[in-house]
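# Structure assessment
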Amino acid sequence: MLESPLDDNARSAPIAVSAAFKTLSLTAIARVNHGEEIRVRLITDGTQDLFEKTLRLLDQHQAPTESPGSAEAAEPDRFIPEHQDLRKRFLYAEAVGGYATLSDLIDSYSPGYKFYDQYDKNGADAALTPATVRTLESYFARMSDALAHAHDYLRKHAAQDLDRAEIGELHEIMTRSRDRARKVSAILGQHLMREIERAVQMLNAICEKIRTVEKGINGIFLVESEIMFVPATDLIECINNIFKGVGNPYLASKIDGLLLLAARNLMIEVVSFYSYYGKEQIYYKKSGGRLGKSTISRLIRKEMKTVFDACKEKNKLVLIRVMKGAERNFELSIEAIQCEAERAAVQAVRALLPAPAPLGPPAPKRGWLRSLLARLFGH
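Predicted model only: the values in this text are computed from it and were never measured.

Another point: the overall build of the protein. In terms of regular secondary structure, the protein is built from 15 helices and three strands. Burial status across the protein gives 45% buried among its 379 residues. Put simply, of all contacts in the protein between residues at least 6 apart along the chain, 81% involve residues at least 24 apart. Here the protein displays about 20300 Å² of accessible surface, and carbon together with sulfur accounts for 54% of that area.

Below you can see the structure in the form of structure tokens.
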């Protein structure tokens, strides 16, 4: 077992997968040869970077010990409470974007903090419900918004509004918030790891069924009889969960690249089949074979665009396939999956649709004597 996901290591061993997931052959699905390695190019954690910049801003401010009060003179219509405790809370709330946000950052009784604290203690093993995930994501988003607001506020006002003690206290608030954001990201990263496993299992099950379909026009009878056994809603959910995970910096630093390459291959195969067999062959069959390859190719691209337009997550990762003496990059993104799925589907159209009927044999050429007689007598 790995250490708690709340530890802030750079890259350690991949997260352990569930027992049921181990039955899959990721090497075969990812089409990786013996001795090859799949690495994940690390992504920048923008939230943590902005926290560090904000903390450096606080370190740089050298304000006088007494309360400045210059901002009130500069902004006569602005009310700042005179009582010290109320004044500090007002300024901190102004810095982070409001009293509700400040409460989430510093008050142990706030709903957001209590919820976070609950999962801080057992986040590595907790199975998160959809409602729990939404709450944690919302809490993380509020911390990120508070951070962005604080960074902008400090660049403009800190030296005028806050004294040295208040800057130090705000520094402590932002430090605790940074650590909390890192932990929430790790808890969500663990959850997304399980979601990617689940998505790969589902996509692989669909692919196993796809491979039983006859590679030809007659294969449409199986697909049509089961009313499209690739469920569109579940397919979009799988793709969204994979790309939501791709955008989590903690997950990107821990996950096995083999799993992501397997997910990439499965998405291409399933989406290609969904757009070709599930839709376009039905069009072809119902048209009595009158639709041409170019028309069906255009319909495929339209159907595939509909699928990917429904996917909200647009994160990207780069997978590096390390072979003997060479490396090859694979982009894991909606654009890359769509492009390769389109190519695979259009190739299937060209390979599986009947070839046009050959023309009849050319008429035999007339000899010079027959041609002369035909011109003379009008034949």
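Anyway, onward from the coordinates.
Overall, the coordinates contain 14 salt bridges when judged by the stated rule. Put simply, R198 and E237 hold a salt bridge, and the shortest N to O gap is 3.5 Å. Of this pair, R198 sits in helix α8 (residues 164–210) while E237 sits in helix α10 (residues 232–246), and the two are 39 residues apart along the sequence. A residue is classified by how much of its surface remains accessible, and E237, at 38% relative accessible area, is partly exposed. Across the pair K305 and D309 runs a salt bridge whose closest N-O atoms are separated by 2.8 Å. A residue pair is termed a helical-turn pair when its members lie 3 or 4 positions apart in one helix, as K305 and D309 do in helix α13 (residues 293–309) at four residues.

Now for the sheet that holds strand β1 (residues 37–40). Reading across the sheet, the three strands line up as β1-β2-β3 and stay open at both edges, with antiparallel pairing between neighbours. A single partner strand is all that each edge strand has here, and the edge strands are β1 and β3 (326–332). Between one strand axis and the next, the sheet turns by 25° as a mean value, whatever way the strands run. For strand β2 (residues 317–323) and β3, the ladder comprises seven bridges, and the chain directions are antiparallel.

Right, let's talk about the pairing of β1 for a bit. Burial along β1 is one-sided: the residues I38 and V40 are buried and none of E37 and R39 is. As defined by bridge partners, β1 adjoins β2 across four bridges and the pair is classed as antiparallel. Paired with V40 across the bridge in β2 is L319.

Conventions we followed
- Residues numbered from 1 in each chain as written.
- Predicted model: local features only at pLDDT ≥ 70, side-chain atom pairs only at ≥ 80, totals over all residues.
- Heavy atoms only, no water.
- Helix = DSSP H or I, 4+ residues; strand = E, 2+ residues; numbered from the N terminus.
- Buried < 20%, exposed > 50% of the residue type's maximum accessible area, 1.4 Å probe, protein only.
- Contact = heavy atoms within 4.5 Å.
- Areas by Shrake-Rupley, 256 points an atom, 1.4 Å probe, with all protein chains shown as cover.
- Salt bridge = Lys/Arg side-chain N within 4 Å of Asp/Glu carboxyl O.
- Pairing = 2+ DSSP bridges.
- Axes fitted to C-alpha atoms, helices over the stretch in contact; angles between N-to-C directions.

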